[in-house]
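Close look at the chain arrangement
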Amino acid sequence: MLTAILRCRRISFVGLTLLCFLSCSKSGTDNPGNPCEGITIAVNGTVTNTGGPGSATGSITATASGSSGFTFSLNNGPFQASGTFSNLVAGAYTIRAKNGDGCMGSGSFTVADGDPCAGKTITVTADIGSSEKCGKTGTITVTASGSTGFMYRLNASGTYQAANTFTQLEADNYTIYAKDAAGCETTKQVTVPAVANGPLFTAVVTLINSKCSGCHTGSNPTSGISFAADCAIVEKKNNIKTQAVDLGTMPKGGPALGASDKKIITDWIAAGGRASD
Ligand code: HEC
């Protein structure tokens, strides 16, 4: 350690002999009595934090190598036998390790904020309004509890919104997502049911099954026009009325529908022409 010797001499020239002695005895190779000579103490460790932001739940478990008989100090605090320091808030820490001769090493550690979702139980409930079978009239109103600052979306493809109500939903299965201000997310599976078929529509379905089915049902319906699905009847209701009531061109080849059969169709359409009517 040539630099130590030089520094020593220079300091001694200005008269600080004692200071010089201390300085050289700690680091110089020209002091065979120095117990720390040739000893390099390294401090390593593991950091954990299980709590949320701001909580004193972090811990550092430090180990030292390069010598033996270590004691440990956190941020210049008192030395202790254990290398574990607990109940720490997030931040930067220095741990020093000292062996029996007072030789020291140190390591720097950062305790990060813990999982902000730890210890939270977010619960989602939903008020569900059923949908018209062949329309989009369903509603979902979400209530989330267990945290604050909630945002909501429907399905993974949805966009988060602050409003907790979703409207114009068709009858289907949905996944409700709720996340709080920290981004802690919970999901809930729900089903928006379809409103049951109403009596007027049920009568129309029965009529079509008896008078139109040979040509407009099955896997190969006439001209691709199928009335096998309830919603196909709802969608084509005006065309059905035109052909079977107003023009009398359907059933094709006749006979035309009688007055009571026509009334079944017109009554239904007059009531709204929905599956629920
Ligand atoms: C014997 C077979 C047959 C029966 C029964 C039949 N259809 Fe048709 N339907 C057809 C054919 C064929 C077409 C294709 C257009 C055409 O040839 O006039 C058609 C077309 C239609 C169309 C579409 C018309 C257009 O131009 O957009 C409607 C609506 C329709 N049918 C309603 C009905 C209804 C309602 C009934 C029962 C009350 C019925 N059909 C019974 C054969 C039939």
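Residues numbered from 1 in each chain as written. Predicted model: local features only at pLDDT ≥ 70, side-chain atom pairs only at ≥ 80, totals over all residues. Heavy atoms only, no water.

1. Quick notes on the environment of Thr123
Here is the rule we go by: Helix and strand labels come from DSSP, where a helix needs a run of H or I of at least four residues and a strand needs a run of E of at least two; each type is numbered from the N terminus. Two residues qualify as a contact provided that any one of their heavy atoms is within 4.5 Å of a heavy atom in the partner residue.
Along the polypeptide, Thr123 turns up in strand E7 (residues 123–129). Along the chain, Thr123 and Thr143 lie 20 residues apart, while their C-alpha atoms are 8.2 Å from each other. Contacts of Thr123, omitting those with residues within four sequence positions, involve Thr143, Ala144 and Ser145.

2. A look at the coordination of the iron atom of the ligand
Short version of the rule: Listed donor atoms are N, O and S within 2.8 Å of the metal (Na, K and Ca: 3.2 Å). As water is not included, a site may look incomplete. Geometry assignment treats four donors as tetrahedral when all angles are between 85 and 135 degrees, treats four as square planar and six as octahedral when opposite donors are over 155 degrees apart and all others between 65 and 115, and treats everything else as irregular. To sort residues, take the accessible area from a 1.4 Å probe on protein chains only and compare it with the maximum for the residue type: under 20% means buried, over 50% means exposed, and anything in between is partly exposed.
The protein atoms donating to the iron atom of the ligand are His216 (NE2) and Met250 (SD), with metal-donor distances spanning 2.0 to 2.4 Å. Geometry at the iron atom of the ligand is octahedral, judged from its 6 donor atoms and the angles of 86 to 179 degrees they form at the metal. Pair noted here: His216 is in helix H4 (residues 213–216) and Met250 is in the loop between helix H6 (237–246) and helix H7 (259–270), with a separation of 34 residues, a long-range link. When its relative accessible area of 11% is taken as the criterion, His216 is described as buried.

3. Considerations on the sheet that holds strand E5 (residues 91–98)
Heads up, the condition is: Here, any two strands with at least 2 DSSP bridges between them count as paired. For helices, the axis comes from a line fit to the C-alpha atoms of the stretch in contact; other axes are also lines fit to C-alpha atoms, and the angle between any two N-to-C directions lies between 0 and 180 degrees.
Sheet architecture is open: 3 strands sit in the order E3-E5-E6, paired in antiparallel fashion. Each edge of the sheet is formed by a strand with only one pairing partner; in this case those strands are strand E3 (71–74) and strand E6 (104–111). Each strand of the sheet is rotated relative to its neighbour by a mean of 25 degrees, with strand direction disregarded.

4. Some points on the site of the ligand
Note the threshold: Whether a residue is near a molecule or strand depends on its heavy atoms: it is near if one of them lies within 4 Å of it. We call two N or O atoms a polar contact when they sit within 3.5 Å, provided that within protein one can donate a hydrogen and the other can accept it, with sequence-adjacent residues counted only if both atoms are side-chain atoms.
Inspection of the region around the ligand gives 15 residues, with Cys212, Cys215, His216, Thr222 and Met250 positioned closest. Within the side chain of Asn239, an N or O atom sits 2.8 Å from an oxygen atom of the ligand. Here Lys252 contributes a side-chain N or O atom positioned 3.2 Å from an oxygen atom of the ligand. Of all the secondary structure elements, the ones that give two or more residues to the shell around the ligand are H4 and H6.

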